[in-house]
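Structure at a glance
Spelled out from the first residue to the last, the chains are:
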Amino acid sequence: MTFEVLQSELDTRATQGLLRYRHELQSAQGTRVKVNGKPFLSFSSNDYLGLADHPQLLAALQTGTQQYGLGAGASHLVSGHFSAHEELEQALAEFVDKPAALLFSSGYLANLGAVQALVGRRDKIFADKLNHASLNDAMLLSRAQVQRFRHNDMVHLAQLLAQPHSGRKLVITDAVFSMDGDLALLPELLALCEQYDAWLLVDDAHGFGILGEQGRGSLFHRRDSSDLASPRIIYMATLGKAAGVSGAFIAAEQVVIDTLVQNARSYIYTTASPPALSCAVLASLRLFQKEEWRRTQLWKLVTQLRAGLNGLPWALMHSDTPIQPLLVGNNNVAVALSEALRTRGIWVPAIRPPTVPQGTARLRISLSAAHSEQNVAQLISALHELAH
Ligand SMILES: *Cc1c(COP(=O)(O)O)cnc(C)c1O
C-alpha cells in the first residue's frame, strides 16, 4: 500500500489549476485582514453585515462563558443542552415566524440531519442542480431517490413531481444560491409543493440577516410574505455568515422539530456547540433588528459595484445580493486574476469546479456592510486596470 496514487491525483489537480490552498489569517475576519504578514482589503468572506468582530458579540460571548463556561461537555440529548441554546431556539423561531427551531453545530450538519431524518429509501427528493454541496451530501446520506431539476426551472420540476409516487416528497433548494447570488423562486416552488403534496426545504444560509425586514430572511423578502407562511416550508439558516458567529438552525412545525430531535443523527451524535456561542448569536439578532443601516449600506454598495464594473471583458452574473460573482470562465485565468488583485492588496477568491460547473470559474466578490464606498471604488479601478 503506497501513497503514490494520492500524490499523482494531487499533481493532476495542480496542472488543471484546481489545487486549493488555505490562506492563514492573522487578524479578525473583516474588510481589512492580515494574511502572511500583509494587509488586504477583503471581499472574500460571508460576514455580510460586518458582525464577526463586533464588540457586542464579543461581550455577549464573554458574559456567556462566565455563566456557562466554554465546552458544552455532551450532546444535547445527554447533558449538553443549556438555557442559552433554549433561549436562542425560541428567539430564532419567533424571528422567522415558525412554531419551533432546533440548533445545529453547523449548516452542513443541519442539512445532513434534516434530510436524513425526514426522508428515506421509499421517498423522493427533488433538488435544484445548483444547490449547496451540503444538500447534495444530505440527499446521498438519506438514501432517498434523487431527481435534480435544472436551475430554477419550474417546468422541469413540475414534470418530475407529476410522476406518480407513493412515498414522501421533499423539494430542496438554496434560497440564495451561494456561488451565483441569485434567488430561488420560492412562491412558485411552494405552489408546486402544494399541488403535488411535497415538503419544501429552504436553505437560507445567504439570505438570513440580509433579506427581508430586519433581516428575517428570504421568506420575508417579498412584500406579501404571508404567502410563504406555509407549514410545508422547513426553513434552514446558518449562524456563521451574516450572524457572524457559528452554527445553524432548522425552523419548522413543532412536529418536524420533534422528529429531528429523535431522528437527526447529526444532531444526536455530536457534542452541542458551546452555549456561550448562543449568547453571541442572540446579540447578533438584536443588531439585525436594531441596525437597518447595515442592510441599507449593503444595497448601496451592490448598486455601486454593478454600475462600476460595466464594460469589463468579464460580466457580473445576475445577482441582487451581496454575492456578486464575476464570470471569468477559464480556471487559470480566474486564478491569475485573483492573484493579480492580491498583489494590489485586494483579496477576492477564485471559485472553480467542482464548486461551480465546468467552464464557469469566477471571482466571487462578496460585499459587507462594513465596506466603504471608497473600498468598492478601489476594487472597481483595480479590475479596470487589470482588464487593460
Ligand atoms: C455555508 C453554507 C452551508 C453550510 O453552513 P456551515 O454553517 O458553514 O456548515 C449550507 N448551505 C449553504 C447554501 C451555504 O452557503
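Let us look at the site of the ligand. Neighbouring the ligand are 14 residues, the closest being Gly107, Tyr108, Asp203, His206 and Lys241. Contacts to the ligand include Tyr108, whose backbone N or O atom sits 2.9 Å from an oxygen atom. At 2.5 Å, a side-chain N or O of Asp203 approaches a nitrogen atom of the ligand. Here the ligand, which alone exposes 380 Å², has 82% of that area covered by the protein. Among the elements that make up the shell around the ligand, the one with the highest residue count is helix α5 (residues 107-118) (three residues). When its residues are assigned to classes, the shell around the ligand shows two nonpolar, nine polar and three charged.

Within the secondary structure, Ser273 is located in the loop between α10 (265-268) and α11 (275-290). With sequence-adjacent residues up to four places away left out, Ser273 is seen in contact with Ala72, His85 and Ser105.

This brings us to the sheet that holds strand β9 (residues 248-252). The strand order across the open sheet built from seven strands is β3-β9-β8-β7-β6-β4-β5, with neighbouring strands paired in mixed fashion. One side of each edge strand has no neighbouring strand; the edge strands of this open sheet are β3 (100-104) and β5 (145-149). Going from strand to strand, the sheet's axes swing by 20° on average, the running direction of each strand aside. Bridge count between β3 and β9: five bridges; the pairing is antiparallel. Directly across from Phe104, in β9, lies its bridge partner Ala248.

Our focus in this paragraph is the packing of aromatic side chains. What characterises a pair of aromatic rings is the spacing of the ring centres plus the angle enclosed by the ring planes. Tallying each qualifying case throughout the model produces eight aromatic pairs. Summarising the aromatic geometry, the rings of Phe40 and Trp347 are spaced 6.3 Å apart at their centres and angled 55° between planes, so their arrangement reads as tilted. With Phe40 in strand β2 (residues 38-42) and Trp347 in strand β12 (residues 346-347), this residue pair connects regions lying 307 residues apart in the sequence. A relative accessible area of 8% places Phe40 in the buried class. Since its relative accessible area comes to 9%, Trp347 is described here as buried. Considering the side-chain rings of Phe208 and Phe288, the 5.4 Å spacing of their centres and the 70° angle between planes classify their relative orientation as edge-to-face. Placement of Phe208 in the loop between β7 (199-203) and β8 (233-238) and of Phe288 in helix α11 is noted, with a sequence separation of 80 residues between them.

The next thing to look at is the packing of helix α7 (residues 154-162) against helix α8 (residues 186-195). At a closest axis distance of 11 Å, the pairing of α7 and α8 adopts a crossing angle of 15°. Classified by the angle their axes make, α7 and α8 are roughly parallel. Viewed along their axes, α7 and α8 form a crossing whose handedness is right-handed. Contact residues: Met154, Leu157, Ala158 and Leu161 in α7; Glu188, Leu189 and Leu192 in α8. Of the residues that constitute the contact of α7 with α8, the class distribution is six nonpolar, no polar and one charged.

If you trace the four strands from one edge of the open sheet to the other, you get β10-β11-β14-β13, paired in antiparallel fashion. Two strands in the sheet have a free side with no partner beyond their single neighbour: β10 (315-316) and β13 (350-351). Across six bridges, the pairing between strand β11 (residues 323-329) and strand β14 (residues 361-366) is antiparallel. Each bridged residue has a counterpart across the sheet, and for Pro325 the counterpart in β14 is Arg364. Sitting on the sheet, helix α12 (residues 293-308) touches β10, β11 and β14, and the angle it makes with β11 is about 25°.

Moving on to the pairing of β3. The buried fraction of β3 amounts to five of the five residues, a majority that puts the element mostly inside the structure. Judged by which residues are buried, β3 turns out to be covered on both faces: Ala100, Leu102 and Phe104 on one side and Ala101 and Leu103 on the other are all buried.

Size of an interface: often given as the accessible area lost when the parts come together. Per the domain assignment, the segments making up the chain are domain 1 (24-53 + 292-387) and domain 2 (55-290). Tallying the contact residues gives 25 residues for domain 1 and 27 residues for domain 2. For the pair domain 1 and domain 2, the summed buried surface comes to about 1900 Å²; carbon and sulfur atoms form 62% of the total. One can count one salt bridge joining domain 1 with domain 2. Arg362 is the partner of Asp180 in a salt bridge, and the nearest nitrogen-oxygen pair spans 3.3 Å. Applying the counting rule to domain 1 against domain 2 returns eight residue pairs in polar contact (both at pLDDT 80 or more). Counting residues per element, the ones that place at least two in the side of domain 1 that touches domain 2 are α12, β11 and β14. Take the side of domain 1 that touches domain 2: its biggest share by element is three residues, from α12. Partitioned by chemical class, the residues of the side of domain 1 that touches domain 2 number 13 nonpolar, five polar and seven charged.

This brings us to the pairing of β7. Along β7, four of the five residues are buried, which leaves the element largely enclosed by surrounding structure. Note: strand β6 (residues 169-174) against β7, five bridges, orientation parallel. Pairing of Leu170 across the sheet is with Trp199, part of β7. As for the winding sense of the linkage, the β-α-β connection from β6 through α8 to β7 is right-handed. Sheet topology note: the β7/β8 ladder contains four bridges and is parallel.

The rules behind the values
- Note that residues are indexed from 1 along each chain, following the sequence as it is written.
- Two thresholds apply to this predicted model, a pLDDT of at least 70 for residue-level local features and 80 or more for giving and counting side-chain atom pairs, whereas whole-chain, interface and lining totals are computed over all residues.
- Hydrogen atoms and water are omitted, and side-chain values are computed over all heavy atoms in the structure.
- Whether a residue is near a molecule or strand depends on its heavy atoms: if one lies within 4 Å, it is near.
- Nitrogen and oxygen atoms within 3.5 Å of one another constitute a polar contact, given that in protein one can donate a hydrogen and the other can accept it, and given that sequence-neighbouring residues count only through two side-chain atoms.
- Accessible areas in this description were obtained via Shrake-Rupley with a 1.4 Å probe; residue shielding takes into account the shown protein chains only.
- Note on conventions: DSSP H or I runs of at least 4 residues are helices, E runs of at least 2 residues are strands, and numbering of each starts at the N terminus.
- In this classification, the charged set is Asp, Glu, Lys and Arg, the nonpolar set is Ala, Val, Leu, Ile, Met, Phe, Trp, Tyr, Cys and Pro, and all remaining amino acids, among them Gly, are polar.
- Contacts were defined at the residue level, with two residues in contact if any of their heavy atoms lie within 4.5 Å.
- Any two strands with at least two DSSP bridges between them are considered paired.
- The convention used is that axes are lines fitted to C-alpha atoms, helices contributing only their stretch in contact, and that angles between N-to-C directions extend from 0 to 180 degrees.
- Ring geometry is summarised as follows: Phe, Tyr and Trp rings, the Trp one being its six-membered ring, pair when their centres sit within 6.5 Å, and such pairs are stacked at plane angles under 30 degrees, edge-to-face over 60 and tilted between the two.
- Relative accessible area decides the class of each residue, using a 1.4 Å probe on protein chains only: under 20% of the type maximum gives buried, over 50% gives exposed, and in between gives partly exposed.
- Angular relationships are summarised with four words: roughly parallel below 35 degrees, roughly antiparallel beyond 145, roughly perpendicular across 65 to 115, and oblique for the angles in between.
- Handedness of a crossing follows from how the near helix is turned relative to the far one, being left-handed for an anticlockwise turn of less than a right angle and right-handed for a clockwise one.
- Residue ranges for the domains originate in an automatic or database domain assignment.
- A simple way to read buried area is as the amount of 1.4 Å-probe accessible surface that goes missing from two parts once joined, with both sides added.
- Definition used for salt bridges: Asp or Glu carboxyl oxygen within 4 Å of a side-chain nitrogen of Lys or Arg.
- Seen with the strands pointing away from the viewer, any crossover whose path from the first strand over the helix to the second strand runs clockwise is right-handed.

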